[in-house]
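# Results of the structural survey
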Amino acid sequence: MKDSIVKDKSKEFALRIIKLYKYLTTTAVNKEYVLSKQALRSGTSIGANIKEALRGQSRPDFRAKMNIALKEACETEYWLELLFESEYIDESSYASIINDNRELIKILTMIVKNTE
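To start, this report covers the structure provided alongside it.

### Some thoughts on the overall build of the protein chain
- Helix and strand content of the protein chain: 4 helices and 0 strands.
- Listed by position from the N terminus, the elements making up the protein chain come as α-α-α-α.
- Here the protein chain has a C-alpha radius of gyration of 14 Å; the compact-globule value for 116 residues is 13 Å, and the two agree.
- Based on the C-alpha atoms only, the size of the protein chain along its principal axes is roughly 50 × 20 × 20 Å.
- In the protein chain, which comprises 116 residues, the share counted as buried stands at 40%.
- Here the contacts in the protein chain between residues at least 6 apart in sequence split such that 71% fall between residues at least 24 apart.
- Of the roughly 7000 Å² of accessible surface on the protein chain, 51% is carried by carbon and sulfur atoms.
- Within the protein chain, the 17 negative side-chain charges are centred at a point lying 7 Å from the centre of the 19 positive side-chain charges.

Structure below.
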């Protein structure tokens, strides 16, 4: 059940990250390309690693891929913080997307700990 939830949430999050990237690189008054590209890469990688983990060949393989997804989620948190603190995204946008990111971190942390 948790695997399905985390897979769905990571995909929804990836779509939000893609929209944020498109906004920052095409629509925003102050276009931003470097930080948003990093957020795009790490933010979409979370779901890709989860999907790969769900097809893992063994429990250690599953855990390793989920751990990579967790690391990517933590990296994404950093890029989102920089985008907010450098004023490329406003407080309400940041609060919304960072909450989704932190929820993924909590779920992934629980999954990694429970598969030790």
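### Observations concerning the pattern of salt bridges
- Inspection of the entire model under this criterion finds 6 salt bridges.
- Between Glu 103 and Lys 9 there is a salt bridge; the shortest N-O distance is 3.1 Å. In this pair, Glu 103 is assigned in helix H4 (residues 91-114) and Lys 9 in helix H1 (residues 2-27), connecting sequence segments 94 residues apart.
- A salt bridge links Lys 65 to Glu 52; the nearest nitrogen and oxygen atoms lie 3.3 Å apart. Separated by 13 residues along the polypeptide, Lys 65 in helix H3 (residues 59-85) and Glu 52 in helix H2 (residues 34-54) bring together distant segments of the chain.
- Since its relative accessible area comes to 43%, Glu 52 is described here as partly exposed.
- A single network of salt bridges, built from pairs that share partners, joins Glu 77, Glu 81 and Arg 102.

### Brief notes about the nonpolar core
- The biggest cluster of nonpolar side chains holds 30 residues, and the ones touching the most others in it are Val 6, Ile 46, Met 66, Leu 80, Leu 83 and Leu 108.
- At the level of elements, H1, H2, H3 and H4 are the ones that each hand at least two residues to this core.
- For this core, the leading source of residues is H4, giving 9 residues.

### Structural notes on H4
- In a regular helix each residue adds 1.5 Å, so 24 residues correspond to 34 Å; H4 covers 34 Å between its end C-alpha atoms and thus fits that length.
- Of the positions making up H4, those classed as buried are Tyr 94, Ile 97, Ile 98, Asn 101, Leu 104, Ile 105, Ile 107, Leu 108, Ile 111 and Val 112.

### Overview of H3
- Helix length check: H3, at 27 residues, gives a terminal C-alpha distance of 39 Å against a target of 39 Å (1.5 Å per residue), a fit within 8%.
- Within H3, the full set of buried residues consists of Phe 62, Lys 65, Met 66, Ala 69, Leu 70, Glu 72, Ala 73, Thr 76, Glu 77, Trp 79, Leu 80 and Leu 83.
- A positive backbone phi angle near 65° is found at Glu 87, which sits one or two residues after H3.

### Some words on the environment of Ser 86
- Topologically, Ser 86 is positioned in the loop between H3 and H4.
- With 34 residues separating them in the primary sequence, Ser 86 and Glu 52 have C-alpha atoms 34 Å apart.
- At 3.4 Å, the side chain of Ser 86 forms a polar contact with the backbone oxygen of Leu 83.

Conventions and cut-offs
Residues numbered from 1 in each chain as written. Predicted model: local features only at pLDDT ≥ 70, side-chain atom pairs only at ≥ 80, totals over all residues. Heavy atoms only, no water. Helix = DSSP H or I, 4+ residues; strand = E, 2+ residues; numbered from the N terminus. Rg over C-alpha atoms; globule rule 2.2 N^0.38 Å. Buried < 20%, exposed > 50% of the residue type's maximum accessible area, 1.4 Å probe, protein only. Contact = heavy atoms within 4.5 Å. Areas by Shrake-Rupley, 256 points an atom, 1.4 Å probe, with all protein chains shown as cover. Lys, Arg positive; Asp, Glu negative; His and termini not counted. Charge placed at Lys NZ, Arg CZ, Asp CG, Glu CD. Salt bridge = Lys/Arg side-chain N within 4 Å of Asp/Glu carboxyl O. Core = buried A, V, L, I, M, F, W, Y, C linked by side-chain atoms within 4.5 Å. Expected span 1.5 Å × (residues − 1). Polar contact = N/O pair within 3.5 Å; in protein donor to acceptor, adjacent residues only side chain to side chain.

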